[in-house]
Every structure is written in structure tokens, then in C-alpha cells.
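Coordinate analysis (summary)
Listed below are the residues making up each chain.
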Amino acid sequence: MSNYAALFEDEEDIFGGSPKSKFMDVVFNANNDIVRQELVKFIEKAATMEMMLEEHVGEDINKAVEQYYFSHQDACDMKTKSLYVEIMGAILSQSE
């Protein structure tokens, strides 16, 4: 996945809002079929990653995720923003 860190230096000025707010704008205004397709891909990917994580840390992955987030909060927040931009880009690139 790409890193969009340069876009977040001043996140309130990039697109007239944060990556999260612009993502929500796109999701609620783009073609429903495209949005559904991208959300299905994302959920399938998340399910696969969750299963991989269960193999490595056991059944209590929520605790492992919380501990990882606590130790790497800034990097996780940046990755979250990158994912908003990545999914928004995928939706917009397919829009009519």
C-alpha cells in the first residue's frame, strides 16, 4: 500500500477537510455499486489479515491490536489516514 504521508502535513487544508471527512463525502456521494465493491474488497482483506493475525498471536487479537496501537499510535494514525485516501482514490478512479 502506498504511503500518503505528505498529504497529511496540514490535513485540514488538503481537500478542505481531513482524509476521514473527505472519504465520507466520497462514500456517500459516489456510485453505490462502486462503493459497495470497494467496501467488500476491504472487508475481505481485513478478514484475511485477521485470520493471519490469529495464527501468530492466538484468539485474543483485540488485545494484541490494542497493545500494538498503544505502542505505535502515531504510525497507526498515519496509516489510517493513508487507507482513507487509498480507498477514496479507488472509488473515484472508477466513478463515471
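Just above, that's the structure.
What you are looking at is a predicted structure, and each value in this text was computed from that prediction instead of being measured. (Residues numbered from 1 in each chain as written. Predicted model: local features only at pLDDT ≥ 70, side-chain atom pairs only at ≥ 80, totals over all residues. Heavy atoms only, no water.)

In this approach a probe as big as a water molecule rolls over the atoms, and the regions it shows empty are the leftover space. Approximately 810 Å³ is the volume found for the largest pocket. Listing elements by their share of the lining of the largest pocket, those giving two or more residues are helix H3 (32–57), helix H4 (61–71) and helix H5 (73–94). With 7 residues, H3 is the largest single contributor of residues to the lining of the largest pocket. Tallied by class, the residues present in the lining of the largest pocket amount to 14 nonpolar, 3 polar and 2 charged. (1 Å grid on protein atoms, 1.4 Å probe; cavity = no way out; pocket = protein on both sides within 12 Å on 5 of 7 lines; lining within 4 Å. Points joined across faces, edges and corners; volume = space filled by probe spheres on them. Helix = DSSP H or I, 4+ residues; strand = E, 2+ residues; numbered from the N terminus. Nonpolar A, V, L, I, M, F, W, Y, C, P; charged D, E, K, R; others polar.)

The tally for this structure, following the rule as stated, stands at 2 salt bridges. For Lys 22, the salt bridge identified is with Asp 25, shortest N-O distance 2.9 Å. Note that Lys 22 and Asp 25 are positioned in helix H2 (residues 19–29) at a spacing of 3 residues, about one turn of the helix. Between Glu 38 and Lys 41 there is a salt bridge, with its nearest N and O atoms 3.2 Å apart. Residue Glu 38 and its partner Lys 41 are located together in helix H3, separated by 3 residues, close to a single helical turn. (Salt bridge = Lys/Arg side-chain N within 4 Å of Asp/Glu carboxyl O.)

With that out of the way, let us pick up the packing of H3 against H5. At their nearest, the axes of H3 and H5 sit 9 Å apart, and the two run at 145 degrees to each other. The crossing of H3 and H5 is right-handed. Of the residues in H5, those in contact with Ile 34, Val 35, Gln 37, Glu 38, Lys 41 and Phe 42 of H3 are Ile 87, Ala 90, Ile 91 and Gln 94. Across the contact of H3 with H5, the residue classes tally to 6 nonpolar, 2 polar and 2 charged. (Axes fitted to C-alpha atoms, helices over the stretch in contact; angles between N-to-C directions. Left-handed = near helix turned anticlockwise from the far one by under 90°. Contact = heavy atoms within 4.5 Å.)

Our next topic: the packing of aromatic side chains. According to the stated counting rule, one finds 1 aromatic pair in the structure shown. Aromatic side chains Phe 23 and Tyr 84 sit 5.2 Å apart centroid to centroid with 50 degrees between the ring planes, which places their arrangement in the tilted category. Of this pair, Phe 23 sits in helix H2 while Tyr 84 sits in helix H5; the two residues are 61 residues apart in sequence, bridging distant segments of the chain. (Phe/Tyr/Trp six-rings, centres within 6.5 Å; stacked < 30°, edge-to-face > 60°.)

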